[in-house]
Amino acid sequence: MAMRDYIAINNHAGLGRIGISRHAIASIAATSLREIGGVSIYHHGKRRGREGTLGSLFSLASGVRVVFTKDGKASIKMDVSLAKGANVPSVCEKIQETVATAITLMCDMVPFDVQVKVMRLG
């Protein structure tokens, strides 16, 4: 992977540089959704022939994307499916909070933003 596929994270020991890949951040974001009932990553169906499941890292590309900004922050874009009858604004806010907290705790960084797009209800 090219260096642009990694972002530097805090190294409190000061013994060198530490980086984390965009794929690792996407995996953390997707996994954090397991804490929220009635939410799943929306897969567009072309890679695995199905949607709405948390699959392998390869299949995350269709539902979770991470872009690194020039100022060294991560922008996370997620396509999700919600359970029928879900309060969309409330659940989307919970997704943003959960993902931001997980990445902050695991990577010692705060994402620039977490964008959520609801692709399916029910």
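Looking now at the pattern of salt bridges. All chains considered together, the criterion is met by 1 salt bridge. For the salt bridge of Asp-79 with Arg-65, the shortest nitrogen-to-oxygen distance reads 3.5 Å. One end of the pair, Asp-79, is in strand E5 (residues 74–82); the other, Arg-65, is in strand E4 (residues 64–68), and 14 residues separate them in sequence. Relative accessible area serves as the criterion here: at 4%, Asp-79 is assigned to the buried category. According to the relative accessible area criterion, Arg-65 is partly exposed, its value standing at 30%.

The next subject is the confidence of the model for the chain. Within the chain, residue pLDDT values average 82, and 83% of them lie at 70 or more. This stretch, residues 47–61, has a pLDDT under 50; its non-local contacts, to residues over four places away or in other chains, come to 27 contacts.

As judged from the 8 bridges shared by E5 and strand E6 (residues 113–121), these two strands associate in the parallel manner. Of the residues in E6, the one forming a bridge with Lys-77 is Gln-115.

In this section: the nonpolar core. Soluble globular proteins tend to pack their nonpolar side chains together in the buried interior. With 28 residues, the main nonpolar core has Ile-25, Leu-33, Ile-76, Met-78, Ile-95, Val-99 and Ile-103 as its most contacted residues. Contributing elements (two or more residues each) for this core: helix H1 (22–32), strand E3 (39–41), E4, E5 and helix H2 (88–107). Among the elements that make up this core, the one with the highest residue count is H2 (6 residues). Setting aside residues no more than four positions away along its own chain, Val-99 makes contact with Ala-29, Ser-32, Leu-33, Ile-76, Met-78 and Val-114.

Here we come to the environment of Ser-75. When you line up the elements, Ser-75 lands in strand E5. Exposure remark for Ser-75: the relative accessible area of 8% places this residue in the buried category. Note: C-alpha distance between Ser-75 and Gln-115 (40 residues apart in sequence) is 7.7 Å. With sequence-adjacent residues up to four places away left out, Ser-75 is seen in contact with Arg-65, Val-66, Val-67, Asp-113 and Gln-115. Side chain to side chain, Ser-75 and Asp-113 meet in a polar contact 2.5 Å long.

Time to look at the side chain of Arg-22. Structurally, the position occupied by Arg-22 is in helix H1. Within the local environment of Arg-22, its side chain forms a polar contact with the backbone oxygen of Val-66, the two atoms lying 2.8 Å apart. In this structure, Arg-22 is in contact with Arg-4, Asp-5, Val-66, Val-67 and Phe-68, ignoring residues within four places of it in sequence.

All right, on to the environment of Asp-108 then. You can see Asp-108 is positioned in the loop between H2 and E6. In sequence terms Asp-108 and Asn-10 are 98 residues apart; their C-alpha atoms lie 6.5 Å from each other.

The next thing to look at is the pairing of E4. Alternating residues of E4 divide into Val-64, Val-66 and Phe-68, all buried, and Arg-65 and Val-67, none buried. With 5 bridges joining them, E4 and E5 adopt antiparallel strand pairing. Looking across to E5, one finds that Val-67 is bridged to Ser-75. Counting the residues that bridge the hairpin from E4 to E5 gives 5 residues, and of these Gly-72 lies at a positive phi of roughly 85 degrees.

Calculation criteria
- Residues numbered from 1 in each chain as written.
- Predicted model: local features only at pLDDT ≥ 70, side-chain atom pairs only at ≥ 80, totals over all residues.
- Heavy atoms only, no water.
- Salt bridge = Lys/Arg side-chain N within 4 Å of Asp/Glu carboxyl O.
- Helix = DSSP H or I, 4+ residues; strand = E, 2+ residues; numbered from the N terminus.
- Buried < 20%, exposed > 50% of the residue type's maximum accessible area, 1.4 Å probe, protein only.
- pLDDT = per-residue confidence, 0-100.
- Contact = heavy atoms within 4.5 Å.
- Pairing = 2+ DSSP bridges.
- Core = buried A, V, L, I, M, F, W, Y, C linked by side-chain atoms within 4.5 Å.
- Polar contact = N/O pair within 3.5 Å; in protein donor to acceptor, adjacent residues only side chain to side chain.

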